[in-house]
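Now for the letters of each chain:
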Amino acid sequence: MALLSQSEAQTILKKVLSFSTADECEATLTGTSGGNVRSARNSISTAGAAENVALAVQSRFGKRSGTATCNEFDEASLRRCVQRAEEIARLAPESPEYVPLLGPQTYLASPNSFAARTAAITPDYRAEQIGASMALCDQKKLSSAGFFNDSSGFVAKRNSKGLEAYQPVSSVDFSISVRTPDGTGSGYAIANYTDLARFDAARLTRVAADKAASSVNAKAIEPGKYTVILEPAAAIDLLNNMMGAMDARNADEGRSFLSKKGGGNKKGEKVFDERVTIYSDPTHPDVPDLTFSGDGRPQQKVTWIDKGVVKNLYTSRFWAQKAGIPDIPPPGGWIMEGGTQSTADLIKGTAKGILVTRLYYIRAVDPQTLLYTGLTRDGTFYIENGQIKFPVKNFRFNESPVIMLNNLEALGKPVRLNGSLVPPMKIRDFTFTSLSDAV
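Scope of this entry: the structure provided in the associated data block. (Residues numbered from 1 in each chain as written. Predicted model: local features only at pLDDT ≥ 70, side-chain atom pairs only at ≥ 80, totals over all residues. Heavy atoms only, no water.)

1. Concerning the overall build of the chain
As a reminder of what qualifies: Strands are runs of DSSP state E lasting at least 2 residues, helices are runs of H or I lasting at least 4, and numbering of each runs from the N terminus. With C-alpha atoms as the basis for the radius of gyration, the globule rule is written as 2.2 Å multiplied by the number of residues raised to the power 0.38. Values of accessible area rely on a 1.4 Å probe in the Shrake-Rupley scheme; residue burial ignores everything except the protein chains shown. His is not counted, nor are the chain ends, whereas Lys and Arg count as positive and Asp and Glu as negative. The atoms used to mark charge sites are NZ of Lys, CZ of Arg, CG of Asp and CD of Glu.
A tally of regular secondary structure across the chain gives ten helices and 19 strands. Compactness check: the chain gives a C-alpha radius of gyration of 24 Å against a globular reference of 22 Å for 439 residues, within 12% of the reference. The principal-axis extent of the C-alpha atoms belonging to the chain is close to 70 × 60 × 35 Å. Counting every atom, the chain has about 19300 Å² of accessible surface; 49% of that belongs to carbon and sulfur. Looking at the chain, you have 51 positive and 46 negative side-chain charges, and the mean spots of the two groups are 3 Å apart.

2. Brief notes about the environment of G264
Checked against the element boundaries, G264 lands in the loop between α7 (248–252) and β8 (278–280). With 244 residues separating them in the primary sequence, G264 and S20 have C-alpha atoms 42 Å apart.

3. A short note on the environment of T283
Stated formally: Partly exposed residues are those whose accessible area sits between 20% and 50% of the maximum for their type, while under 20% is buried and over 50% is exposed, using a 1.4 Å probe and protein chains only. Residue contacts are defined here by distance: any two heavy atoms, one from each residue, within 4.5 Å place the two residues in contact. We define a polar contact as two N or O atoms separated by no more than 3.5 Å, with the added condition that, inside protein, one atom must be a possible hydrogen donor and the other a possible acceptor, whereas residues neighbouring each other in sequence contribute only through side-chain atom pairs.
Residue position: T283 is located in the loop between β8 and β9 (302–306). Judged by relative accessible area, T283 falls into the partly exposed class, the value being 28%. Through-space distance from the C-alpha of T283 to that of Q300 is 8.5 Å; in sequence the pair is 17 residues apart. If sequence neighbours within four positions are ignored, T283 has contacts with L108, A109 and S110. A polar contact of 2.8 Å, which involves the side chain of T283, links it to the side chain of D281.

4. Considering the packing of helix α1 (residues 6–18) against helix α2 (residues 75–91)
Keep this limit in mind: Note on geometry: axes are C-alpha line fits, over the in-contact stretch for helices, and angles between N-to-C directions span 0 to 180 degrees. For classification, angles of less than 35 degrees are called roughly parallel, those exceeding 145 degrees roughly antiparallel, those between 65 and 115 degrees roughly perpendicular, and all remaining angles oblique. When the near helix sits turned anticlockwise from the far one by under a right angle, the crossing is termed left-handed; a clockwise turn instead gives a right-handed crossing. Charged means Asp, Glu, Lys or Arg here, nonpolar means Ala, Val, Leu, Ile, Met, Phe, Trp, Tyr, Cys or Pro, and polar covers whatever is left, Gly included.
Relative to each other, α1 and α2 sit at 55°, their axes nearing to 9 Å. As judged from the angle between their axes, α1 and α2 are oblique. Of the two possible hands of crossing, α1 and α2 adopt the one that is right-handed. Contact residues: I12, K15 and V16 in α1; E75, L78 and V82 in α2. Considered class by class, the residues forming the contact of α1 with α2 number four nonpolar, no polar and two charged.

5. With respect to the packing of aromatic side chains
Spelled out, the test is: Only rings of Phe, Tyr and Trp enter the pairing, Trp through its six-membered ring, and a pair is recorded when the two centres are within 6.5 Å. The plane angle decides the type: under 30 degrees is stacked, over 60 is edge-to-face, the rest tilted. Placement of a positive charge over a ring is assigned whenever Lys NZ or Arg CZ falls within 6 Å of the ring centre and within 35 degrees of the normal to the ring plane.
Counting across every chain of the model gives 14 aromatic pairs. Ring plane angle 50° and centroid distance 5.2 Å describe the contact between F148 and F199, whose orientation is recorded as tilted. In this pair, F148 is assigned in strand β4 (residues 143–159) and F199 in the loop between β6 (186–193) and α5 (201–214), connecting sequence segments 51 residues apart. Judged by its relative accessible area of 6%, F199 falls in the buried class. Judged by centre distance (5.1 Å) and plane angle (20°), the rings of Y382 and F390 are stacked. Taking the relative accessible area as the measure of exposure, Y382 reaches 13% and is therefore buried. Grouping aromatic residues by their ring pairs yields a cluster made of Y125, F148, F174, Y193 and F199. Above the plane of the ring of Y361 lies R363, whose end atom (NZ or CZ) is 4.3 Å from the centre.

6. So, α5
The line we're drawing: The span you would expect from a helix comes to 1.5 Å times its residue count less one.
Helix length check: α5, at 14 residues, gives a terminal C-alpha distance of 20 Å against a target of 20 Å (1.5 Å per residue), a fit within 8%. Looking only at α5, the buried set comprises A201, A202, L204, T205, A208, A209, K211 and A212. Each element contacted by the buried residues of α5 is listed here: α4 (123–139), β5 (164–179), β6, β12 (352–366) and β13 (371–384). Of the residues that open α5, the one with a side-chain oxygen 3.1 Å from the backbone nitrogen of A202 is D200.

7. A look at the nonpolar core
Generally speaking, soluble globular proteins have nonpolar side chains that are buried together. Basically, it comes down to this: Note on terminology: a nonpolar core comprises buried Ala, Val, Leu, Ile, Met, Phe, Trp, Tyr and Cys residues joined through side-chain atoms within 4.5 Å.
The biggest cluster of nonpolar side chains holds 55 residues, and the ones touching the most others in it are L230, L239, M242, M246, F272 and M425. The dominant element in this core, judged by the number of residues it contributes, is helix α6 (residues 232–243), at eight residues. By size, the runner-up hydrophobic cluster in this structure holds 24 residues, among which are L13, F19, V53 and Y166.

8. Comments concerning the packing of α4 against α5
Relative to each other, α4 and α5 sit at 30°, their axes nearing to 8 Å. In terms of their interaxial angle, α4 and α5 are classed as roughly parallel. Two packed elements cross with a definite hand, and for α4 against α5 that hand is right-handed. Between α4, through Q129, A132, S133, L136 and C137, and α5, the contact on the second element is made entirely by A201, A202, T205, R206 and A209.

9. Quick notes on the layout of surface pockets
Defined as follows: Both cavities and pockets are sets of points on a 1 Å grid over the protein atoms alone; in a cavity a 1.4 Å probe fits but cannot get out, in a pocket the set is open with protein on both sides within 12 Å along at least five of seven lines, and lining residues sit with an atom within 4 Å of a point. Grid points are joined across faces, edges and corners, and a volume is the space filled by probe spheres set on the points.
A volume near 650 Å³ is recorded for the largest pocket. Here the residues of the lining of the largest pocket are counted per class, giving 17 nonpolar, four polar and five charged. Considering the residues around the second largest pocket, the lining is formed by 17 residues, among which R60, E97, V99, D295 and R317 are closest to the centre. Of the residues belonging to the lining of the second largest pocket, the class tally is six nonpolar, five polar and six charged.

10. Digging into unusual backbone geometry
Phi is positive for N42, close to 60°, though the residue is something other than glycine. Within the secondary structure, N42 sits in the loop between β1 (24–40) and β2 (43–61). One non-glycine residue, D429, lies in positive phi territory at about 55°.

11. Describing the sheet that holds β2
Inclusion rule: Any two strands are treated as partners once DSSP identifies two or more bridges connecting them.
The six strands lie next to each other as β3-β2-β1-β4-β5-β6, forming an open sheet whose pairing is antiparallel. Of all strands in the sheet, those with a lone pairing partner are β3 (64–70) and β6, marking the two edges. With direction set aside, neighbouring strand axes in the sheet form an average angle of 15°. Pairing between β5 and β6: eight bridges, direction antiparallel. Opposite F174, over in β6, you have A191 as the bridge partner. The sheet contacts of α5 involve β5 and β6, and relative to β6 the element is tilted by about 155°.

Put into structure tokens, the structure is as follows:
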């Protein structure tokens, strides 16, 4: 039942709304079906599969609202779910930020958000992929830990004001950590796709295995400010934190890196290097996304940063109405424009620097300036005269993506990670504060 068609999903939602006695009612139906395989020390440790369809009903009486959920779809269960939502709504306090439910909306088509090949993945396919990954590490006498996960499903919405939405989605995710037998060398690779046609676990494992073998006998070098090349896996978490902070209300109320002294926000101001352009597009062929937000607002192509200038901020419907600003929902994934160079090309053009495979254990130091700390991991290397010379011990860093994107030297070709397109980037004066013995 997990993969309901549009007509099947809307038939259930229509029935749900027919039971409502509230002033307003909205029902959301979600379905997921998929499986996963984990490996450790070149052996499968766990494998599983799951599927579920869940209903959430939100009922409103005036400015009071209540929500109930269920995953049984006989008439009696649906009726009880609606009744519980209404009982909760009658007991709830009035919301000071109430806005009426949306009426009918027009949504973009995103035909690439679902791939039938991904939905058809079998346990045998998962085993073959993780098996090829483990076999490669066995051959190289390396130890690996991997995770393969696939999911297919849908999201459907309907409300008493006439809104109707439906979209199928699918994804394949894989990550692999590889260690040398003595534990002193480590490598990592990660990827995700909508369509498994582009997926190859062995290819990704080779990348991680090469990093692991190359990172033994790491040398300690002094912390300080260095030119760094951040691979996409190293850049994405800092950039995700930055994109998640582009909220208009936080900026207007003085709680954001985009707040202006004296009030207001920095929309329309140049905040980053002119080479920085970031946008979202739910119909993008490489990173398709839902074309509607959680509250039913249409997702459109939106430019957030254009040549360093902040062009748009996202907002809730309440704040948009109160502040009299465009009503833009937050994006799912995003696309950062880059160049045509590969990471290897960026290395060739570097006189002295540090190559960073990824960052982890990232924590906020100063949320208002987006200053973060964390550690490098799974392959950190010293570059000299356009070549990787030797592995170096990992560092703790203290850096802000805002500062980072003002210290750009070069951007490479974007690749897909976690539903976004992220380029490798060469940054000057990246701040390393201390060494770490972890690999």
